[in-house]
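Analysis of the macromolecular model
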Amino acid sequence: METESEPYVRLATLRQLHRVVAELNTARSLADTLQTVVDGIVVGLGYELACVNLVRPDGDLVVAAFAGDPSAEALITGRVGSRTSWERRLTMGENWDGLRFIPHTEGWVLMEDDVPQWHTEGPEPRFEDEWHPEDRLYAPMYASGGELLGVVSVDRPRNGRRPGAWGREALQMYAFQAAIAISNARLRANMQRALVRLEREQQALRASEESFRQAFEYAPSGMAIAEMGGDQHGRLLRTNDALCRLLGRPASVLRRYSFSDLVHPEDIGTLLRTSAEGGRAELRLGRRDGTYVWVSLRNSVVADAADGPRFLLTHVEDIEERKRHELQLAHRASHDSLTGLPNSAELRSRLGARLCRRPQSVRATAVEALDAAYEGHEVHGEAGGAGEHGFQPDFRPDFRPEFRPDGSDGSVASDPFEFPGALAAPDGPYDHHVHTVAPATDIDDGTKGLAVLFCDLDGFKSINDRFGHHTGDAVLIEVARRLTTGVRDGDTVARLGGDEFVVLADGLGAADAADLAVRLRNAIIPPIRVDGRAVRVGASFGIGWASCGMSADEVLRSADQRMYIEKRSRSKAHRRAG
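In what follows, the accompanying structure is described. Quick caveat, the model's predicted, so the values are computed rather than measured. (Residues numbered from 1 in each chain as written. Predicted model: local features only at pLDDT ≥ 70, side-chain atom pairs only at ≥ 80, totals over all residues. Heavy atoms only, no water.)

1. What about the overall build of the protein?
Which entries qualify depends on this criterion: The way it works is that DSSP assigns letters per residue, a run of H or I at least four long becomes a helix, a run of E at least two long becomes a strand, and they are numbered from the N terminus. We call a residue buried when its accessible area falls under 20% of the maximum for its residue type, exposed when it is over 50%, and partly exposed in between, using a 1.4 Å probe and counting protein chains only. In short, Shrake-Rupley with a 1.4 Å probe defines the accessible areas, and a residue's cover is counted only from the protein chains shown.
From N to C terminus, the protein includes 18 helices and 18 strands. Sorting the 578 residues of the protein into buried and exposed places 44% on the buried side. Taken as a whole, the protein presents about 30,200 Å² of accessible surface, with 52% of it coming from carbon and sulfur.

2. Here we look at helix α12 (residues 344-353)
An α-helix turns once per 3.6 residues; consequently, residues spaced three or four apart project the same way. Cut-off, in case you're wondering: The contact definition used throughout considers only heavy atoms, calling two residues in contact when any of these lie within 4.5 Å. Whenever a nitrogen or oxygen atom comes within 3.5 Å of another N or O atom, the pair is scored as a polar contact, on the condition that within protein one atom can donate a hydrogen and the other can accept it, and that pairs from neighbouring residues in sequence are kept only if both atoms are in side chains.
With seven of ten residues buried, α12 is to be regarded as a mostly interior element. Looking at α12, one finds that the buried residues are Glu346, Leu347, Ser349, Arg350, Leu351, Gly352 and Ala353. Packing partners of the buried residues in α12 comprise α11 (320-334), β13 (449-458), β14 (492-497), β15 (500-508), β18 (538-546) and α17 (552-568). Of the residues that open α12, the one with a side-chain oxygen 3.3 Å from the backbone nitrogen of alanine 345 is asparagine 343.

3. Brief notes about the packing of aromatic side chains
Heads up, the condition is: Put simply, two rings from Phe, Tyr or Trp (the six-membered ring, in Trp's case) pair if the centres are within 6.5 Å, and we call them stacked under 30 degrees between planes, edge-to-face over 60, tilted for the rest.
All told, the structure shown has four aromatic pairs when counted by the stated rule. Pairing tryptophan 96 with phenylalanine 101 gives two aromatic rings, centres 4.4 Å apart and planes at 10°, and the pair type is stacked. Exposure remark for tryptophan 96: the relative accessible area of 6% places this residue in the buried category. On the accessibility criterion, phenylalanine 101 (0% relative accessible area) is buried. Geometrically, the ring pair formed by phenylalanine 212 and phenylalanine 216 is tilted, given 5.7 Å between the ring centres and 35° between the ring planes. Note that phenylalanine 212 and phenylalanine 216 are positioned in helix α6 (residues 165-217) at a spacing of four residues, about one turn of the helix. With relative accessibility at 35%, the residue phenylalanine 212 sits in the partly exposed group.

4. Remarks on the pattern of salt bridges
Formally: Basic side-chain nitrogens of Lys or Arg form a salt bridge, by our definition, when they fall within 4 Å of a carboxyl oxygen of Asp or Glu.
Under the defined criterion, the tally for this structure stands at 31 salt bridges. In this structure, the salt-bridge partner of aspartate 58 is arginine 56, at a minimum N-O distance of 2.6 Å. With a shortest N-O distance of 2.8 Å, glutamate 210 and arginine 213 are connected by a salt bridge. Of the two residues, glutamate 210 and arginine 213 are both situated in helix α6; the distance of three residues between them amounts to about one turn of the helix.

5. Digging into the state of the cysteines
Quick reminder of the rule: Criterion for a disulfide: a pair of cysteine sulfur atoms within 2.5 Å.
For the structure shown, the criterion picks out zero disulfides. This cysteine, cysteine 356, is not joined by any disulfide, and cysteine 548 carries the nearest cysteine sulfur, 3.6 Å off. The exposure class assigned to cysteine 356 is buried, which follows from its relative accessible area of 2%.

6. Some details on the pairing of strand β5 (residues 99-102)
Note the following rule: Should DSSP find at least two bridges between two strands, the strands are regarded as paired.
What you see with β5 is no split at all: Leu99 and Phe101 on one side and Arg100 and Ile102 on the other are buried throughout. In the sheet, strand β4 (residues 94-96) pairs with β5 via three bridges, with the strands oriented antiparallel. Of the residues in β5, the one forming a bridge with tryptophan 96 is leucine 99. Hairpin connection from β4 to β5: two residues lie between these consecutive antiparallel strands, with aspartate 97 at a positive phi of about 55°. Across three bridges, β5 lies against strand β6 (residues 136-142) in antiparallel orientation.

7. Here's the deal with helix α15 (residues 469-486)
For clarity, the threshold we go by: Any helix carries an expected span of 1.5 Å times its number of residues minus one.
With 18 residues, α15 extends 25 Å between its outermost C-alpha atoms, agreeing within 8% with the 26 Å of an ideal straight helix rising 1.5 Å per residue. Among the residues of α15, those classed as buried are Thr471, Gly472, Val475, Leu476, Glu478, Val479, Ala480, Arg482 and Leu483.

Here it is in structure tokens:
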């Protein structure tokens, strides 16, 4: 007859059960909880041996905690049993209201599976409910969702008997509470790991933000963060010291602007194309003193978070020195190194920009112009040849912009030969080109045209031979200065080579061109002092006229021929005297 049925024994067991369950909730880590589970079974439920087999992420069960026998603990703790073997055990034997009991008479078939075991052999039971060393009793533990958390194994009841109804119920209740404690311990462990991971991520984020702040603030070149999209697109949110120094404005002032407020008006299109989705551009930004500085802008689109607002991170590099060098190289390529005047190539470029290959006398009728408006691609005629109006399908004026760092090159910034907008070639159905015409004769009939004055110095070779190239160079420099001083704003003075100069003067009649040639000759003939020595040169001028239908070389050749005619018409002495 079981002593467990006695009321005072049940009460004592309940007290023990309450005490060990309370201890389950005091354990902090998962390992502490598992050890508390097995210790509670040994202390409070009357078994000499207990272990917890915990389900691993791969589904197999590992011996995670053991209590009651140090040697057995050392033997099987950490060993793994397959999920298949455990499922076989949990379907064998007798079902004791959630517990699984496998008597020694059936357990012999389990001796060869891979589940860790500590059972020993023993004699046959002397009475029906006596515990045999090879009996097995398991208490499965399930989570709230029904999945298996692990299995509690117990052995050697201290009274030597198989547990009765009360003992089974106590073990089952304890296994249920143990499952709750293990789930809570896992939850706490996951939360702790998540908190540790979050803290590390926050530390990494703070370190990254600090690194970005230092890289941003102390970058040797300008850096800015600007809004992207919306009504405030491009507005500066943050700037570093280098950008403030470059633009001569404090950060508090720059936050009132966007780059579009600071960019040079001619570069606004470049800025808008660059800031749309990031990219790189070279443009000019305004300084506080009203000047502009060339910079290279590199935009990168960055997001504040995964779905947060996007910003433009802009790197601003000062390229003023490089641009100045490029402009100087371009100036040297198009200007004479001695006099600073436009050279032969630049002269031909400017002259060619005013000329087209269609003579002014060839005009389209009203019907032809209307046809051209609707079928502009047919106006040019067959591919590879001139159209019916004399257009060349691949014609482009040979325009090349001129860069003058110092603004002095023998012409003024308003020189009409330098701007392509008004010089467009007849490249489409509408002819916006202003044709260049020439006076019909040398008699002034009121026609205004582009005069080409070809100048050849008289007596220069003898000066060069007698006094050397140093004196000759000084004479050429002074002649270039006198020619430049003697023309109007917008006229061009170029050095063709040697002692030959060319003047382009637009809007002159025949008499005007002749008067200009006389004035320039008179400006050249006064003595030129070089190293304390006075030398004189004369000048012969030939006046040619540029006209559409002619090439630049043809125009120059015509002026050159007229110059030689004029030179031969005067005696040598008269040429030296002017």
